Amino acid sequence: MRGIVEQNRTTFEPDADAVSEALEALRESEGNNHVHSFDSLNDQENEDLQLDMHSNSNCDSKSFNKQEASHLSSTFNRQPASTLPTVACHIQPTEISDDLLQESVRLLNIEQHAAYDLLLSWCRNKVKNIRSLNPNEINPIYLFLTGGGGSGKSHVTKLIYHTVVKAFKHVTTNPELPTVLLMAPTGVSAINIEGTTINTALAIPKDAGENLPTMSDQKKTQMRLSLSELKLVIIDEVSMVSNIRFLHIHQRLKDIFCSSSSQLFAAISVLVVLDFYQLPPIRTKLIFENFKNDSYNLYHPWLVFRMIELTEMRQKDDHNFIELLNRFRTGSETEQDINYINSRSTSPLAENYPSNALHIWAENDPVNEHNSKQLEQLSTPLFVPRATDQYPTNATKQNIDTILSRGRSETGGLDFEVKIKEGARVMLTSNINIIDRLINGQMGTVARIAVNRVTTKPTVIYIKFDDRRAGTNLIQGSGSAYAREHGVVPIEPVLTKIKLRPGKLSSPEVQCIQFPITHCLGIHSS
């Protein structure tokens, strides 16, 4: 019997003895030689140990990764694996070099390093556990990073993102899939972090009320495959996320990964970044407030988060101005601060008054007056496209009047009518394509208005956006030679559905078609 075993071993494991000898040699040399792991996180850990053993060594000698392998090239492939269904809206920042990452980490102050090290420690343990033959359960980490303007919240978050992405790249089954999901509540905040909106990333309807609509089994499977490597969720500008939307994030992750309700966020780690002195959610409760349904309050998602506050100012270029802004942030401004701000005021009658600059008012009437005055100064033809609305058969006149009286924030970003001229400054009022940076708030200038010869109504509005990256994909894929030659984005009317009773899943809907733009030299801000 033993002879048969040895014969089979020789057949199926011809190099077994050589492998055993190599392992034994490695064990004997362990601790005497630095073994290069080809893993940025592991290399850093090895070098940290070297520093502990040689206290006199230079700290600048640390490196996340010394190798120049193809999988660590400076450009990042944004396209997901073609063999798997993916979340088409997922966006990832361009990968930075290991040297730049290491240098940036080295320059963190003590508070910033403490926040970074917490995520780094969790990341190391998670990677070790994945590689282990006897893995243990590694609890997810829930961190709440806060601080005033200039404290470096965004900078630390960026370094955490790149560190985690680099670390898990070597231990995932499919490195093309995202290990970190960058999200934010609005389109503007999403593109600022090169991420996507919460609604788009997790397929959460904008008009979802207290109860989150369920996804189809096909959609769940698609998202489960697309996010199968997900290890960390980062949510920026969480001050604008309501408590119910935060609960929806937990519920959606639970549905995608088929986890129990007691496993918050499907046992995926979460880092939230916010400043509670910034904008709160609109007409909803703050993220930490109790729910209407007391059963949710028994295990409120916010209660598991650990707070880290950054107080030291990172930006040194204009320290006095940053301190002034932070005093206004906390309502502790001085008379000197107010005088300084007032010293920058100007009058519309002043010779160098910037009439083309964006103006902000607290009321709508001065906004409309200013915009109309600026529009009149343009000699180009005026167009006033009106929305095309289709009402449900059971809608009453009262329902229709209610819809028409709603503001843009309640009608999918669309106005009943839009006054527009070539040369006018405009702003997008809804998210068209987040990947293409065509989001609510993008500003630009109308270059051309294409008109239907029969109806004389505008069909396409070509816009030159201030953000040069906005709409590049739409331009390249456009059938319009004018758009491609002049680098202008063709904006067409969009369809949105407006519920007669917002927040009610069974509510009848009005279908509205309109250009998602508005003249924007003056805007309203409450």
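Quick note: structure is the one above.
Thresholds, definitions, all that
- Residues numbered from 1 in each chain as written.
- Predicted model: local features only at pLDDT ≥ 70, side-chain atom pairs only at ≥ 80, totals over all residues.
- Heavy atoms only, no water.
- Phe/Tyr/Trp six-rings, centres within 6.5 Å; stacked < 30°, edge-to-face > 60°.
- Helix = DSSP H or I, 4+ residues; strand = E, 2+ residues; numbered from the N terminus.
- Lys NZ or Arg CZ within 6 Å of the ring centre and 35° of its normal.
- Contact = heavy atoms within 4.5 Å.
- Pairing = 2+ DSSP bridges.
- Axes fitted to C-alpha atoms, helices over the stretch in contact; angles between N-to-C directions.
- Buried < 20%, exposed > 50% of the residue type's maximum accessible area, 1.4 Å probe, protein only.
- Patch = residues over 30% accessible without salt bridge, like charges linked within 9 Å, V, L, I, M, F, W, Y side chains within 5 Å.
- Areas by Shrake-Rupley, 256 points an atom, 1.4 Å probe, with all protein chains shown as cover.
- Salt bridge = Lys/Arg side-chain N within 4 Å of Asp/Glu carboxyl O.
- Lys, Arg positive; Asp, Glu negative; His and termini not counted.
- Charge placed at Lys NZ, Arg CZ, Asp CG, Glu CD.
- Core = buried A, V, L, I, M, F, W, Y, C linked by side-chain atoms within 4.5 Å.

(A) Main features of the packing of aromatic side chains. Under the criterion given, the structure shown has 14 aromatic pairs. When the ring of Phe144 is compared with that of Trp302, the centres are 4.9 Å apart and the planes differ by 55°; the resulting orientation is tilted. Of this pair, Phe144 sits in strand 1 (residues 142-147) while Trp302 sits in the loop between helix 11 (294-297) and strand 6 (306-310); the two residues are 158 residues apart in sequence, bridging distant segments of the chain. Members of the aromatic cluster, joined through ring pairs, are Tyr142, Phe144, Phe246, Phe265, Phe276, Phe288, Trp302 and Phe305. Directly above the ring of Phe168 sits Lys231, whose terminal nitrogen or CZ lies 5.6 Å from the centroid.

(B) Inspection of the environment of Leu212 at higher detail. Along the chain, Leu212 falls in the loop between helix 8 (198-201) and helix 9 (217-226). Between the C-alpha atom of Leu212 and that of Leu505, which follows or precedes it by 293 residues, the distance is 9.3 Å. The contacts of Leu212, once residues within four sequence positions are left out, are Ile204, Pro205, His248, Gln251 and Arg252.

(C) Expanded view of the sheet that holds strand 14 (residues 509-514). The antiparallel open sheet is built from 3 strands, whose spatial order is 8-14-13. The open sheet has two edge strands with one neighbour each: strand 8 (388-390) and strand 13 (494-499). In this sheet, adjacent strand axes meet at a mean angle of 20° when their direction is disregarded. Pairing of strand 13 with strand 14, which is carried by 6 bridges, proceeds in the antiparallel orientation. Counted as the bridge partner of Lys499 is Glu509 from strand 14.

(D) Examining the environment of Ile360 more closely. Take Ile360: it is sitting in strand 7 (residues 359-361). Through-space distance from the C-alpha of Ile360 to that of Cys520 is 9.7 Å; in sequence the pair is 160 residues apart.

(E) Quick look at unusual backbone geometry. We note that Glu194 has phi near 55°; this positive angle belongs to a residue other than glycine. Examined against the element boundaries, Glu194 turns out to sit in the loop between helix 7 (187-192) and strand 3 (196-197). Exposure remark for Glu194: the relative accessible area of 26% places this residue in the partly exposed category. Of note in the backbone geometry, Arg283 takes a positive phi value of approximately 55° without being a glycine.

(F) Structural context of a positive patch on the surface. Positive charge collects at one region of the surface, where Lys285, Lys292, Arg501 and Lys504 lie side by side. Note that Arg501 resides in the loop between strand 13 and strand 14. The exposure class assigned to Arg501 is partly exposed, which follows from its relative accessible area of 47%.

(G) Fine view of the side chain of Ser242. In this fold, Ser242 is placed in the loop between strand 4 (232-235) and helix 10 (243-257). Once residues lying within four places of it in the same chain are set aside, the contact partners of Ser242 are Pro281, Thr284, Lys285, Leu286 and Ile287.

(H) Up close: a nonpolar patch on the surface. On the surface, Phe321, Leu325, Phe328, Ile338, Tyr340 and Ile341 cluster together into a nonpolar patch covering about 500 Å² of accessible area. If you list the elements that add at least two residues to the nonpolar patch, you get helix 12 (319-329) and helix 13 (335-342). Structurally, Tyr340 is set in helix 13.

(I) Summary view of the nonpolar core. In terms of nonpolar packing, the biggest core is built from 34 residues, with Leu145, Ile160, Leu232 and Leu271 touching the most fellow members. Contributions of two or more residues to this core are made by helix 4 (98-106), helix 5 (110-131), strand 1, helix 6 (153-168), strand 2 (180-184), strand 4, strand 5 (269-274) and strand 6. Residue contributions to this core peak at 8 residues, all from helix 6. In contact with Leu271, not counting residues within four places along its chain, are Leu143, Leu145, Thr157, Ile160, Leu232, Val233, Ile234 and Ile235. Residues Val238, Val241, Leu253 and Leu274 belong to the second largest nonpolar core, which totals 32 residues.

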